[in-house]
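Per-entry structural report
Here's the letter readout for the chains.
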Amino acid sequence: FMDTNTLLHKQLHEALKNNDVMRKSVIRLLMSSTKLAEVTKGSELNQMEFLGIVQKEIKTRHDTIADAQKANRPAMIESSKAEILILEEFLPKQISEQELKSLAQAIIKETDARSPKDMGRVMQLLILKLEGRASNQEASRVVKELLQTN
């Protein structure tokens, strides 16, 4: 595992060399979000914290797409989708809906969770096991569904 800052600098260098404007701006944004988080934390981010930043940036793009669809702004939708693709390269391979459900079910069983009130306990363990392979939003949705149908 290459440390985050080295990876981002390497990627930025590539983007500059290839004159990839979109990629350059996405990587610079990731670098500044990471720096800000490190300053706030007072130390370097670990892998999970970095993945959290990437997922937050992806969520922001999804929100932008939703707003752009309402405002009928196709160019904004396109650029946000392109940015998401670049951001996703920094995440581990995402797991399928089915894998996410099985993992969630196993943890629900393990923690003996019975209702949406137990969601916190389940989410805590699930997020650790996911290691960034699904967004917290997705995980939360699946856990909520599973706990409601119990």
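Residues numbered from 1 in each chain as written. Predicted model: local features only at pLDDT ≥ 70, side-chain atom pairs only at ≥ 80, totals over all residues. Heavy atoms only, no water.

Things to note about the pattern of salt bridges
Applying the stated criterion to the full structure yields 14 salt bridges. We note a salt bridge from Lys 41 to Glu 49, for which the minimum N-O separation is 2.7 Å. For Lys 41, a relative accessible area of 40% gives the class partly exposed. Of the charged contacts in the structure, one is a salt bridge between Asp 118 and Arg 121, with a shortest N-O distance of 3.6 Å. Using a relative accessible area of 41% as the deciding quantity, one classes Arg 121 as partly exposed. (Salt bridge = Lys/Arg side-chain N within 4 Å of Asp/Glu carboxyl O. Buried < 20%, exposed > 50% of the residue type's maximum accessible area, 1.4 Å probe, protein only.)

Section: the layout of surface pockets
Estimated volume of the largest pocket: approximately 460 Å³. Contributing elements (two or more residues each) for the lining of the largest pocket: α3 (47-70), α6 (119-130) and α7 (136-149). Looking at which element gives the most residues to the lining of the largest pocket, the answer is α3, with nine residues. Each residue belonging to the lining of the largest pocket can be placed in one class, and the counts come to seven nonpolar, eight polar and five charged. (1 Å grid on protein atoms, 1.4 Å probe; cavity = no way out; pocket = protein on both sides within 12 Å on 5 of 7 lines; lining within 4 Å. Points joined across faces, edges and corners; volume = space filled by probe spheres on them. Helix = DSSP H or I, 4+ residues; strand = E, 2+ residues; numbered from the N terminus. Nonpolar A, V, L, I, M, F, W, Y, C, P; charged D, E, K, R; others polar.)

A few points about helix α2 (residues 21-41)
Here α2 spans 30 Å end to end across 21 residues, near enough to the 30 Å set by a 1.5 Å rise per residue. Those residues of α2 lying buried are Arg 23, Lys 24, Val 26, Ile 27, Leu 30, Met 31, Ser 33, Thr 34 and Glu 38. Where α2 is buried, its residues meet α1 (4-17), α3 and α4 (74-88). Positive backbone phi, approximately 85°, marks Gly 42, located one or two places after α2. (Expected span 1.5 Å × (residues − 1). Contact = heavy atoms within 4.5 Å.)

Digging into the environment of Phe 50
Along the chain, the position of Phe 50 falls in helix α3. Using a relative accessible area of 2% as the deciding quantity, one classes Phe 50 as buried. Taking the C-alpha atoms as reference, Phe 50 lies 25 Å from Ala 66; in sequence the two are 16 residues apart. Contacts of Phe 50, omitting those with residues within four sequence positions, involve Thr 4, Leu 8, Leu 30, Thr 34, Leu 45 and Phe 90.

Considering the nonpolar core
Leu 8, Leu 30, Val 54 and Phe 90 are the most contacted members of the largest nonpolar core, which totals 20 residues. Every element with two or more residues in this core is listed here: α1, α2, α3 and α4. Among the elements that make up this core, the one with the highest residue count is α3 (seven residues). Core analysis: the next-biggest nonpolar cluster, separate from the first, contains 17 residues, Ile 95, Leu 100, Met 119 and Leu 130 among them. (Core = buried A, V, L, I, M, F, W, Y, C linked by side-chain atoms within 4.5 Å.)

Description of the environment of Lys 109
Considering the arrangement of structural elements, one finds Lys 109 in helix α5 (residues 97-111). Look at Lys 109 and you get exposed, because its relative accessible area is 72%. Residues Lys 109 and Val 122, 13 residues apart in the sequence, show an inter-C-alpha distance of 9.4 Å.

So, unusual backbone geometry
For Asp 112, which is not glycine, the phi dihedral falls at a positive 60°. Relative to the elements of secondary structure, Asp 112 occurs in the loop between α5 and α6. Despite not being glycine, Glu 131 shows a phi value in the positive range, around 45°.

Details of the packing of aromatic side chains
What characterises a pair of aromatic rings is the spacing of the ring centres plus the angle enclosed by the ring planes. Within this structure, the stated rule accounts for one aromatic pair. Each ring, one from Phe 50 and one from Phe 90, has its centre 6.4 Å from the other, and the planes form 85°; the classification is edge-to-face. Taken together, the residues Phe 50 in helix α3 and Phe 90 in the loop between α4 and α5 connect sequence positions 40 residues apart. According to the relative accessible area criterion, Phe 90 is buried, its value standing at 9%. (Phe/Tyr/Trp six-rings, centres within 6.5 Å; stacked < 30°, edge-to-face > 60°.)

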